[in-house]
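In case you want the letters, here they are:
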Amino acid sequence: MFCQLPTYKPKSVKYKDKVVYVELRVRLQIMTTEPDICNSEVFDTGGRFLRSFGSYGSSEGEFDCLAGVAVSNQGWIIIADRYNHRLQLFDRLGRFIRAFGREGTSDGLLSYPWGVAVDCLGLIYVCDKDNHRLQLFTPDGHFVRKFGRRGTGDGQLDQPHYVAIGTRNQVVVSDSGNHRVQIFDKTGRFLSKFGCEGTALGHFRYPRGVALDHEGNILVGDSGNNRVQLFRPDGTFLQAFGSWGTGDGQVKGLEGVAFCRGDIIVSDRENHRIQTF
């Protein structure tokens, strides 16, 4: 656990006029997606641009309003192609591998997919937002299982936005419409929840990005409150930082969040930048 809690302050690294969604992997490259210009970009942790790929459209390798992005252990890039109601997979250089999914409510179909995550076995978890559920797929696009349905009860969801997988295979979901975070096991069995609607510490308004550190502590992008909150694995509040604005350390709506070598990477949506704390 956090015996000595770090104080997160804005650092000099900012990525301006970019990005709304972020994923960071052990190669220490930052993978982003830009919905408005329909491409994906890669930066190093110092903010240096490395490459981009994608353009507007519905063909292979094209996008219509990108959302979540994840990178598998083998280096494959998985992107939620939101308005095309599908997932697309690319290699680490941005070369198209495959796409799967189409609009619908049946198993394996999607309605405005958002956050994605990959577990240690390579299974892909996607927040099937407007179907109010999570779905799991193999890397080749075969449906594995689903869990969640619309509601406010334990294990029920209202527009889930982001998902993260912990080292103990706990599945953490930002249940955005219910203003809370829910935790499941890898089979989709409900384990616990925390948070409710509000502005007090430990409360949320439309939480978005979630991430876990190696100790299982949970980072949440509290988008409607323009702040980031940190919790213990059991949901106990630890600390919060950020406020509404355009200055260093201020945010205007958040999307993805990530841990990196003790730092925190935040996608500052309405300021069109990424900040490092």
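Asker: Can you help me understand the confidence of the model for the chain in this one?
Answerer: It should be kept in mind that the predicted coordinates are not to be read in detail where pLDDT is low. Taken residue by residue, the chain gives an average pLDDT of 89. The fraction at 70 or more is 88%. For residues 1-6, every residue scores under 50 in pLDDT, and the model assigns this stretch 15 contacts once sequence neighbours within four places are set aside. Here residues 24-28 is modelled with pLDDT under 50, and outside its nearest four sequence neighbours on either side it reaches 19 contacts, counting other chains as well.

Asker: Looking at this structure, how should I read the packing of aromatic side chains?
Answerer: Geometrically, a pair of aromatic rings is defined through the distance of the ring centres and the angle of the planes. Inspection of the entire model under this criterion finds 14 aromatic pairs. A ring pair is formed by F43 and F49, whose centres lie 5.9 Å apart and whose planes are at 75 degrees; its orientation type is edge-to-face. Here F204 and F231 contribute two aromatic rings whose centre-to-centre distance is 5.5 Å and whose plane-to-plane angle is 55 degrees, an arrangement assigned as tilted. Here F231 lies in strand 20 (residues 227-231) and F204 lies in the loop between strand 17 (190-194) and strand 18 (207-212), a separation of 27 residues in the sequence. Considered together, F204 and F231 belong to a single accessibility category, that of buried residues.

Asker: So what exactly am I meant to see when it comes to the sheet that holds strand 19 (residues 218-222) here?
Answerer: Adjacent strands of a sheet form backbone hydrogen bonds with each other and so pair up, either parallel or antiparallel. As summarised here, the arrangement of the 4 strands in space is 18-19-20-21, forming an open sheet in which the pairing is antiparallel. The open sheet is flanked by strand 18 and strand 21 (237-241), the only strands paired with a single partner. Put simply, the sheet's adjacent strands are angled 20 degrees from each other on average, direction ignored. Taken together, the 4 bridges between strand 20 and strand 21 define a ladder with antiparallel strand orientation. The residue bridging Q229 from the neighbouring strand is A240, located in strand 21.

Asker: How do you make sense of the sheet that holds strand 9 (residues 96-100) when you look at a structure like this?
Answerer: Ordered in space as 6-7-8-9, the 4 strands form an open sheet in which the pairing is antiparallel. Every interior strand has two partners, whereas the edge strands, strand 6 (66-71) and strand 9, have only one. Strand-to-strand twist across the sheet, computed as the mean angle between neighbouring axes with direction ignored, equals 20 degrees. With 5 bridges connecting them, strand 7 (residues 77-81) and strand 8 (residues 86-90) associate as antiparallel partners. Within strand 8, the position partnered with D81 by the bridge is R86.

Asker: Is there a simple way to explain unusual backbone geometry in this structure?
Answerer: Here the phi dihedral of H85 falls at roughly 55 degrees; this positive angle occurs in a residue that is not glycine. Structurally, H85 can be placed in the loop between strand 7 and strand 8. The exposure class of H85 is buried, given its relative accessible area of 6%. Despite not being glycine, Q159 shows a phi value in the positive range, around 55 degrees. Mapping Q159 onto the fold places it in the loop between strand 13 (143-147) and strand 14 (160-165). Residue class for Q159 comes out partly exposed when judged on its relative accessible area of 29%.

Asker: Would you take a moment to explain the environment of C127 for this structure?
Answerer: Along the chain, the position of C127 falls in strand 11 (residues 124-128). Put simply, C127 and S111 are 16 residues apart on the chain and 9.4 Å apart in space, counted from C-alpha to C-alpha. Residues within four places of C127 in sequence aside, it is in contact with Y112, P113, W114, G115, R133, L134, P160, H161, Y162 and V163.

Definitions and limits used
- Residues numbered from 1 in each chain as written.
- Predicted model: local features only at pLDDT ≥ 70, side-chain atom pairs only at ≥ 80, totals over all residues.
- Heavy atoms only, no water.
- pLDDT = per-residue confidence, 0-100.
- Contact = heavy atoms within 4.5 Å.
- Phe/Tyr/Trp six-rings, centres within 6.5 Å; stacked < 30°, edge-to-face > 60°.
- Helix = DSSP H or I, 4+ residues; strand = E, 2+ residues; numbered from the N terminus.
- Buried < 20%, exposed > 50% of the residue type's maximum accessible area, 1.4 Å probe, protein only.
- Pairing = 2+ DSSP bridges.
- Axes fitted to C-alpha atoms, helices over the stretch in contact; angles between N-to-C directions.

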